[in-house]
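Here is how the chains run, residue by residue.
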Amino acid sequence: MNAFSRRGACPALSAPMQTGDGLLVRLNPVAGGPSSGGLSPKLLIGIAESALRHGNGIMEVTARGSLQIRGLTVDSAALLAAEVDALGIAVRTGVPVETGPLAGIDPQEIADPRALAERIRTAIDEAGLTQRLGPKVSVIVDGGGQLGLDSVIADVRLAAMRIDGGVRWRVSVAGDGQSAKALAFADEGAARVIAVAALRMIAEKGREAHARDLSERQLASLAGWHSTAPPSVLPDISPSRGEIAMSQMVSPISGVVKKKPASKLPISPHEGEMSGRTEGGASRKPIGLFPLNNATALGTALPYGSMPADKIIALAQSALAHGTSEIRLAPGRVLLFLGQPTASNPSLQHTAAALGFVTSAADPRTRIAACPGTPACASGRIATRDIAEAIAAENADSLDFTLHISGCAKGCAHPGPAALTIVGGENGAGLVVNATAKALPAGYRPGYDAARGIGRVVAMIRSARYQGETAAACLTRLGPAGIAEAYRQAQTEKRK
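Residues numbered from 1 in each chain as written. Predicted model: local features only at pLDDT ≥ 70, side-chain atom pairs only at ≥ 80, totals over all residues. Heavy atoms only, no water.

A.B. asks: Where do I start with the nonpolar core in this structure?
C.D. replies: Considering soluble globular proteins, one finds that nonpolar side chains tend to be buried as a cluster. Within the largest apolar cluster, 41 residues are counted, with the highest numbers of intra-cluster contacts made by Leu158, Leu183, Leu199 and Leu222. Put simply, the parts of the chain that give this core at least two residues each are helix H3 (114-126), strand S6 (139-142), strand S7 (154-163), strand S8 (166-175), strand S9 (181-186), helix H4 (188-204) and helix H5 (216-223). Top contributing element to this core by residue count: H4, with eleven residues. Setting aside residues no more than four positions away along its own chain, Leu158 makes contact with Leu116, Ile120, Val139, Ile140, Val141, Asp142, Trp169, Arg170, Val171, Ala191, Arg192 and Ala195. With 38 residues, the next largest nonpolar core counts Ile47, Met59, Leu298 and Leu302 among its residues. (Core = buried A, V, L, I, M, F, W, Y, C linked by side-chain atoms within 4.5 Å. Buried < 20%, exposed > 50% of the residue type's maximum accessible area, 1.4 Å probe, protein only. Helix = DSSP H or I, 4+ residues; strand = E, 2+ residues; numbered from the N terminus. Contact = heavy atoms within 4.5 Å.)

A.B. asks: Help me out: how do you make sense of the packing of aromatic side chains in this one?
C.D. replies: Tallied over the full model, the rule gives zero aromatic pairs. Sitting above the plane of the Tyr487 ring, Arg445 keeps its charged end 5.6 Å from the centroid. (Phe/Tyr/Trp six-rings, centres within 6.5 Å; stacked < 30°, edge-to-face > 60°. Lys NZ or Arg CZ within 6 Å of the ring centre and 35° of its normal.)

A.B. asks: Please clarify how unusual backbone geometry should be interpreted in this entry.
C.D. replies: In this structure, the amide linkage connecting Thr374 to the following residue, Pro375, adopts the cis form with an omega of 0 degrees. Of note, the phi angle at Tyr304 is positive, near 60 degrees, even though the residue is not glycine. Note that Tyr304 resides in the loop between strand S11 (295-301) and strand S12 (306-308). Phi is positive for Arg333, close to 65 degrees, though the residue is something other than glycine. Tracing the chain through its elements places Arg333 in the loop between strand S13 (326-330) and strand S14 (334-338).

A.B. asks: What am I meant to see in the sheet that holds strand S3 (residues 58-61) here?
C.D. replies: One open sheet accounts for five strands, arranged S1-S2-S4-S3-S12; its pairing is antiparallel. At either margin of the open sheet sits one strand with a lone partner, and together these are strand S1 (17-19) and S12. Adjacent strand axes in the sheet meet at a mean angle of 30 degrees when their direction is disregarded. Across three bridges, S3 lies against S12 in antiparallel orientation. The partner of Glu60 across the bridge, within S12, is Ser306. Against the sheet, helix H6 (residues 309-321) contacts S3 and S12, and its axis sits at roughly 85 degrees relative to S12. (Pairing = 2+ DSSP bridges. Axes fitted to C-alpha atoms, helices over the stretch in contact; angles between N-to-C directions.)

A.B. asks: What is the right way to read the sheet that holds S14 from this model?
C.D. replies: Across a sheet, strands are paired by hydrogen bonds formed along the backbone, either parallel or antiparallel in direction. Taken together, four strands build an open sheet; the order of strands is S10-S11-S14-S13 and the sheet is antiparallel. Two strands close off the open sheet at either side, each with one partner strand: strand S10 (288-292) and S13. Taking each pair of neighbouring strands and ignoring which way they run, the sheet shows an average axis angle of 25 degrees. Looking at chain direction, S13 and S14 are connected through five bridges and run antiparallel.

A.B. asks: Explain the pattern of salt bridges to me, please; I cannot follow it from the model alone.
C.D. replies: Close approach of charged atoms allows side chains with opposite charge to pair. Within the structure shown, the criterion is met by 16 salt bridges. The shortest N-O distance in the salt bridge between Asp21 and Arg70 comes to 2.9 Å. Of this pair, Asp21 sits in the loop between S1 and strand S2 (22-27) while Arg70 sits in strand S4 (residues 67-72); the two residues are 49 residues apart in sequence, bridging distant segments of the chain. In terms of burial, Asp21 and Arg70 fall into one category: buried. Several salt bridges share partner residues, and in doing so they unite Asp21, Glu60 and Arg70 into one network. (Salt bridge = Lys/Arg side-chain N within 4 Å of Asp/Glu carboxyl O.)

Here you go:
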């Protein structure tokens, strides 16, 4: 086993990553029930007990739905890996080819993505791409349904769509469900070929490359492989319910008109769906109850993606007592409980809430990304979780934007830009507006009092927003200087 892997790599069991609170390992259990390697309550209890013995007792579910164990040493990481191996848990390895958390069991799914995903995994192995691609290159195969993967970023994404009464796969690259660049609509076989071809092109550019590094010529080549070019423009809002009707349009890649453009819009997503999304609309947060065929799945989230292992054990023990057969990890830092009688869900949900888990999609903690911070992480400069809890409690009805609280400038919990970011540094808790934790803060205040400053900013947004304006747009209009002044002002008032 390697002592640790470099930052930026994916910390698998065989290659832990060094963090501020020791080594970190990650595993991705195969879904599908205990008989096919899925994670049963007993297995989750076994992992959590191992985390207590060998780590610092903190477990996490990531934004992409992986399980992480923190606070390990070189020796204890080896012991943990041996114990997990002894449990017989089937885990995904190699290039991540991800499907939705309810893949194959969701009655609202457009297509079961599992077979296509497995064919892509096989093709990746046969092409020898695993070692040639970087550790963060990923593929999504999204069958749609209640819990789609629109919010998850991937290098290559295949999304099922109903077209002329059949199913086609929308193949796109470099982004999430809205921002990814569309290449083509294709049947299952052609979609697999395009996806693997894109991965080959990425691999040719080196292990640091991603789909965003592909040239326009390469994208045009991929778009033309045994497929139909997607519409170049999708309507923002559907005028009526309907399905995609294929028409010859301008390719978004080549820009070449193949035939006369259609006189009517070629796509008519369901009412309220936004352009670029798969049928079924925006991804729901996987928190709450989700009807399946003759069953119901219950989703509950770890606040800020993290919980003490003993609380995870307590929840898994309750699930076992209620008859849960499988626990799936889901994007959004969620545990999905499957197999228990529908009548047991309220009791299991109550237990989760009592233990501190998030049981409602409206919980303000779902809008906050917070790393462990001090004292858990040696790199942290502020007590991120304490600040997050105070902000969530005091601004429950107004926190309708993404807030990132980072113990240091690394920004581990939310690498991308956020509407507001509190970042710990030598000068205290800095406030960054519409940027990442690495950006220069617009203002500072003491870490212990950061929640008070954010409360003042939230009040400012509430009073200044125009009707229909988003919080992010309001922050942009107000500008960093004005927002920073509000953030600091609470401190000034306290001194008077």
